[in-house]
Amino acid sequence: MPNNKIAVIGLGYVGLPLAHLFAAKYPVIGFDINENRIQELNKGIDSTLEVDNDKLKARISSSSDMTKGLYCSNDIQDLKDCNYYIITVPTPVDSSNRPNLTPLYKASETVGKVLKKGDIVIYESTVYPGATEEDCVPVLEKISGLKFNVDFYAGYSPERINPGDKEHTVDKILKVTSGSTPEIGQEIDALYKSVITAGTYLASSIKVAEAAKVIENSQRDINIAFVNELSKIFNLMDIDTQEVLKAAGTKWNFLPFRPGLVGGHCIGVDPYYLVQKAQEYGYHPEIILAGRRMNDGMGQHVSSEVIKLMVANNNRVNGANILVLGITFKENCPDVRNTKVVDVVENLKGFSTNVCVYDPWANPEEVHKEYGFSTTKEIPRDVKFDAIVLAVAHKEFLDISLRDLLNPNGIIYDVKGILEEKVEGRL
């Protein structure tokens with residue numbers, strides 16, 4: 001194992017922390033097609049905030065010829081000497097919620113061009129069961145001209161990165177591993193075990209590992225959908241959902257899920273991968289899709305509730321000024337991928353309101369490029385708002401005196417249920 005050289009393909013929220021971890025013990029080539037991303041990483045800057053800049057600088061190497069450390073590159077030639085290729089690219093869905101494996105295919109083509117006899121390719125991207133061996137391996141075979149499980153091997157070890165979480169970092173999360181043969185499974189497991197302090201779990205097959213990953217997020221999605229439905233019911237009954245959950249939570253086996261907007265690159269996406277595969281086998285999932293419909297509709301529900309409260313408070317709607325706090329898909333991180341706050345913003349704009357989005361974490365350029373509207377990193381002080389919607393639980397929002405930003409009849413809607421002060425509405 002000391003002679004291993006590892007390539008990590010894709011240096012985003014998943015790939016960079018993994019590459020940084022392996023680089024403490026092995027020579028690692030971090031590969032990404034985004035030239036700007038490579039340039040910032042080689043300067044020791046991580047815009048995703050997943051790896052501390054000082055720690056990143058200490059591990060970055062200026063040469064691909066090293067005994068350990070991380071060399072970042074967008075040149076495929078730098079991958080030729082590696083014998084492990086770990087693919088960590090995104091697996092999104094299209095506008096019809098169908099799995100889009102294009103990034104995975106492109107990454108497989110890249111690896112296929114440099115693949116040699118004896119090499120091992122490991123996929124970490126979330127996929128449906130069978131994707132590694134049925135969709136990705138044929139690409140590797142076609143491009144490389146090598147034969148699977150004869151000339152090269154494969155594995156699957158699902159990522160479990162939690163963006164913005166500085167407690168459950170990659171080395172502290174137990175890693176599921178698998179290989180295309182029992183021997184390769186043992187080898188892959190040993191590789192991860194050498195850097196993952198939380199330990200590993202060797203699954204019996206690649207498909208088992210793929211299925212385990214996709215149901216992790218599907219389970220969370222369904223549980224959140226359940227409490228989202230409860231919040232709708234209890235709001236109609238004029239019962240505080242948060243108070244209900246606190247009371248129910250006194251039982252030892254009650255699961256502590258909270259209502260909210262379900263976005264991001266995992267929970268809001270992964271269930272569709274399982275749905276796609278199930279439908280190929282002639283089964284139409286009911287519970288999974290019901291959960292998805294519930295959660296996908298929460299943005300419209302929140303915006304409708306805000307408008308109802310404004311009307312009830314004798315507040316204007318047409319031309320109203322509304323402040324939305326937060327645009328990222330979760331608190332205390334800059335990740336705006338598949339954020340469902342966008343649904344709230346677009347629905348509020350549909351009522352002819354003026355919506356201002358304040359987020360101290362999100363990159364305004366990235367938001368504008370992805371969603372086509374502007375955000376600010378400063379609290380607007382030159383206008384009084386008719387409504388404030390706390391959509392993301394950033395820590396900075398707890399220190400804002402929200403009432404000072406409101407018109408006399410203004411309302412506060414707390415999507416996340418984190419405000420201690422009395423508010424007009426919450427999930």
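The structure this text deals with has already been given above.
Since this is a predicted model, take the numbers as computed values, not measurements.

Student: Explain the environment of Thr-48 to me, and be specific about the residues and the numbers.
Tutor: Among the structural elements, Thr-48 can be located in the loop between helix 2 (35–42) and helix 3 (53–59). In this structure Thr-48 comes out as buried when scored by relative accessible area, which is 7%. Residues Thr-48 and Val-139 lie 91 residues apart in sequence; the distance between their C-alpha atoms is 30 Å. Discounting residues that sit within four places of it in the chain, Thr-48 has contacts with Tyr-13, Arg-37 and Pro-334.

Student: Can you tell me about the sheet that holds strand 9 (residues 321–325), naming the residues and giving the values?
Tutor: Hydrogen bonds between backbone groups are what pair the strands of a sheet, and the pairing can be parallel or antiparallel. Pairing is parallel in the open sheet, where five strands are placed in the order 10-9-11-12-13. Looking at strand neighbours, the two that pair on one side only are strand 10 (354–358) and strand 13 (425–426), the edges of this open sheet. Bridge count for strand 12 (residues 406–414) against strand 13 is two bridges, and the pairing is parallel. Following the sheet pairing, Tyr-413 is matched in strand 13 by Gly-425.

Student: With reference to specific residues and values, describe the environment of Lys-166.
Tutor: Mapped onto the elements, Lys-166 comes out in the loop between strand 6 (153–156) and strand 7 (175–177). Leaving out residues up to four positions away in the same chain, Lys-166 has contacts with Leu-49 and Glu-50. Within the local environment of Lys-166, its side chain forms a polar contact with the backbone oxygen of Leu-49, the two atoms lying 2.4 Å apart.

Student: How would you explain the pattern of salt bridges if you had to name every residue and give the values?
Tutor: This model, assessed by the stated rule, comprises 20 salt bridges. Two residues, Lys-175 and Glu-124, come together in a salt bridge whose shortest N-O distance is 3.0 Å. Here Lys-175 is found in strand 7, whereas its partner Glu-124 is found in the loop between strand 5 (120–123) and helix 5 (131–144), with 51 residues between them in sequence. According to the relative accessible area criterion, Lys-175 is buried, its value standing at 3%. The partner of Asp-296 in a salt bridge is Arg-292, with the nearest N and O atoms 2.8 Å apart. Of the two residues, Asp-296 and Arg-292 both sit in helix 10 (residues 287–296), four residues apart, roughly one turn of that helix. Ionic contacts of the salt-bridge type, sharing partners, join the residues Glu-134, Lys-207, Lys-277 and Glu-280 into one network.

What counts and what doesn't
- Residues numbered from 1 in each chain as written.
- Predicted model: local features only at pLDDT ≥ 70, side-chain atom pairs only at ≥ 80, totals over all residues.
- Heavy atoms only, no water.
- Helix = DSSP H or I, 4+ residues; strand = E, 2+ residues; numbered from the N terminus.
- Buried < 20%, exposed > 50% of the residue type's maximum accessible area, 1.4 Å probe, protein only.
- Contact = heavy atoms within 4.5 Å.
- Pairing = 2+ DSSP bridges.
- Polar contact = N/O pair within 3.5 Å; in protein donor to acceptor, adjacent residues only side chain to side chain.
- Salt bridge = Lys/Arg side-chain N within 4 Å of Asp/Glu carboxyl O.

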